[in-house]
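# Descriptive structure summary
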Amino acid sequence: MKIAVLGAGAIGAYVGAALHRGGADVHLVARRDHLRAIQADGVRVLSPRGDFTAHPHATDDPHEIGPVDYVFLGLKAHSYPSCGSLVAPLIGEHTALVAGQNGIPWWYFHQLKGPYEGRRIEAVDPGGATSKVLPPERAIGCVVYPATVIESPGVIRHIEGTRFSIGEPDGSVSQRCTDLSEAMVAGGLKCPVEQNLRDDIWIKLMGNAAFNPISALTRATMVDMCRHPLTRSMVARVMEEILDIAARVGSTPEISIEKRLRGAEGVGAHKTSMLQDLEAGKQLELDAIVTAVVEMADITGAEAPTLRAIHAATDLLARTVQP
């Protein structure tokens, strides 16, 4: 099995190292100091489950790799519309695109039976630009649960979690999903093939759409937001609104708000990815995590007042960040 990881950052390099450890033919696409460190010393993973080092091929030129069976997209979702030149050399007749992104994916309404089937979400597929370079029919959905950070070039700190839930947009259990799941498991990861992956998307989004923007506005860690009564209450209200929007598009994730809050509090003094991006002066991953959800509220007639207020403030903040 030949797999390219496009955007081998914290999650991408971790996935690539695990797949390589499991025996897959892995190729990482990375940049600058991170790339040079991987080429010299491999990917070093520091994990509470046991440290290990993997030595997959790494490059900044996808033409060196050629067509693969799977492309794992480790890029931020806002990079998708402009990633065509990087993806094209990796695409063969049967190549699948595995989007390890946060938030609402560009393929969300692809093959979703009901009144919204085939509808485009402008926030994540502006003018169809994402679908043009990443055809929805090639997409395998992926919900990423692990927390990782780049500790230094070539060194990935794995904080917690090994689960990568995957699934087809049409809910089928396909051979390509089964094969990928087996490769991930061989590398020491959990990779269930879900028939209702959109429920997993909403479960993770309950946290991301609340904690990420609030953390960017307050500079607070996960545990800080959960233990401050006012922000905890605000997070709970956003989660209620998220579940309402999910139900309006046919998803009923089976998890309580209190359980979701307890899980977030248990993460401890961890900075969300959006807060990390803010502090690094990078573009905020707002479109997929918040803007797309507000757009879905507009589509379905949901009120979502708390989410809309947080979105307004974070959207203004995002315009001040210069990548």
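Described in the following lines is the structure provided in the data block. (Residues numbered from 1 in each chain as written. Predicted model: local features only at pLDDT ≥ 70, side-chain atom pairs only at ≥ 80, totals over all residues. Heavy atoms only, no water.)

## Focus on the overall build of the protein
Counting its regular elements, the protein contains 12 helices and 11 strands. By the compact-globule yardstick of 20 Å for 323 residues, the protein fits well, its C-alpha radius of gyration being 19 Å. Based on the C-alpha atoms only, the size of the protein along its principal axes is roughly 50 × 40 × 35 Å. Expressed as a percentage of its 323 residues, the buried residues of the protein come to 57%. By sequence separation, contacts in the protein at least 24 residues apart represent 73% of the contacts at least 6 residues apart. When the accessible surface of the protein is summed, it comes to about 13,500 Å², and 49% of that surface belongs to carbon and sulfur atoms. On the protein, the mean spot of the 31 positive side-chain charges and the mean spot of the 37 negative ones are 4 Å from each other. (Helix = DSSP H or I, 4+ residues; strand = E, 2+ residues; numbered from the N terminus. Rg over C-alpha atoms; globule rule 2.2 N^0.38 Å. Buried < 20%, exposed > 50% of the residue type's maximum accessible area, 1.4 Å probe, protein only. Contact = heavy atoms within 4.5 Å. Areas by Shrake-Rupley, 256 points an atom, 1.4 Å probe, with all protein chains shown as cover. Lys, Arg positive; Asp, Glu negative; His and termini not counted. Charge placed at Lys NZ, Arg CZ, Asp CG, Glu CD.)

## With respect to helix α5 (residues 175-186)
Taking 1.5 Å of rise per residue, the 12 residues of α5 would be expected to cover 16 Å, and the 16 Å separating its terminal C-alpha atoms lies within 8% of that figure. Listing the buried residues of α5 in full gives Cys177, Leu180, Ser181, Ala183 and Met184. Taken down its axis, α5 places every buried residue within 165 degrees of arc, on the same side. Pointing more than 90 degrees away from the buried face of α5 are the exposed residues Gln175 and Glu182. Following α5 by one or two positions, Gly188 has its phi on the positive side, about 95 degrees. (Expected span 1.5 Å × (residues − 1). Arc of directions from axis to C-beta.)

## Focus on the pattern of salt bridges
Within the structure shown, the criterion is met by 16 salt bridges. One salt bridge in this structure joins Glu279 and Lys271, with 3.0 Å as the shortest N-O distance. With a relative accessible area of 46%, Glu279 lands in the partly exposed category. One salt bridge in this structure joins Arg308 and Asp298, with 2.8 Å as the shortest N-O distance. Taken as a pair, Arg308 in helix α12 (residues 305-318) and Asp298 in helix α11 (residues 286-300) lie far apart in primary sequence, 10 residues in all. Take Arg308: its relative accessible area is 27%, and that puts it in the partly exposed class. Look at Asp298 and you get partly exposed, because its relative accessible area is 49%. Each member of the salt-bridge network shares a partner with another, and the members are Arg227, Arg232, Glu258 and Glu265. (Salt bridge = Lys/Arg side-chain N within 4 Å of Asp/Glu carboxyl O.)

## With respect to the sheet that holds strand β4 (residues 52-54)
The pairing of strands in a sheet happens through backbone hydrogen bonds and is either parallel or antiparallel. With mixed pairing, the four strands of this open sheet are ordered in space as β4-β3-β10-β9. The sheet is open, and its two edges are formed by β4 and β9 (147-152), each paired on a single side. Each strand of the sheet is rotated relative to its neighbour by a mean of 25 degrees, with strand direction disregarded. In this structure, strand β3 (residues 43-46) lies alongside β4, joined through three bridges in antiparallel fashion. By the bridge assignment for β4, Val43 is matched with Ala54. (Pairing = 2+ DSSP bridges. Axes fitted to C-alpha atoms, helices over the stretch in contact; angles between N-to-C directions.)

## Examining the packing of aromatic side chains
Counted by the stated rule, this structure contains five aromatic pairs. Taken together, a centroid distance of 5.6 Å and an interplanar angle of 85 degrees make the contact between Tyr80 and Trp106 edge-to-face. Highlighted residues: Tyr80 in the loop between β6 (70-73) and α3 (84-87) and Trp106 in the loop between β7 (96-99) and α4 (129-133), separated in sequence by 26 residues. Assessed through its relative accessible area of 1%, Tyr80 is described here as buried. Ring geometry for Tyr108 against Phe109: centres 5.2 Å apart, planes inclined by 90 degrees, an arrangement best described as edge-to-face. The same class applies to Tyr108 and to Phe109, which are both buried. For Arg21, the ring lying beneath its charged end belongs to Phe52, and the centroid distance is 3.8 Å. In this structure, Arg198 packs its charged tip against the face of Tyr108, placed 5.3 Å from the ring centre. (Phe/Tyr/Trp six-rings, centres within 6.5 Å; stacked < 30°, edge-to-face > 60°. Lys NZ or Arg CZ within 6 Å of the ring centre and 35° of its normal.)

## Here we look at the pairing of strand β2 (residues 25-29)
Counted residue by residue, β2 has four buried out of five residues, so it is predominantly covered. Summarising the sheet, strand β1 (residues 2-6) and β2 pair through five bridges and their orientation is parallel. Its bridge partner lying in β2, Lys2 is registered against Asp25. As for the winding sense of the linkage, the β-α-β connection from β1 through helix α1 (residues 10-21) to β2 is right-handed. The sheet contact formed by β2 and strand β5 (residues 57-59) spans three bridges and is parallel. (Right-handed = clockwise from strand over helix to strand, strands pointing away.)

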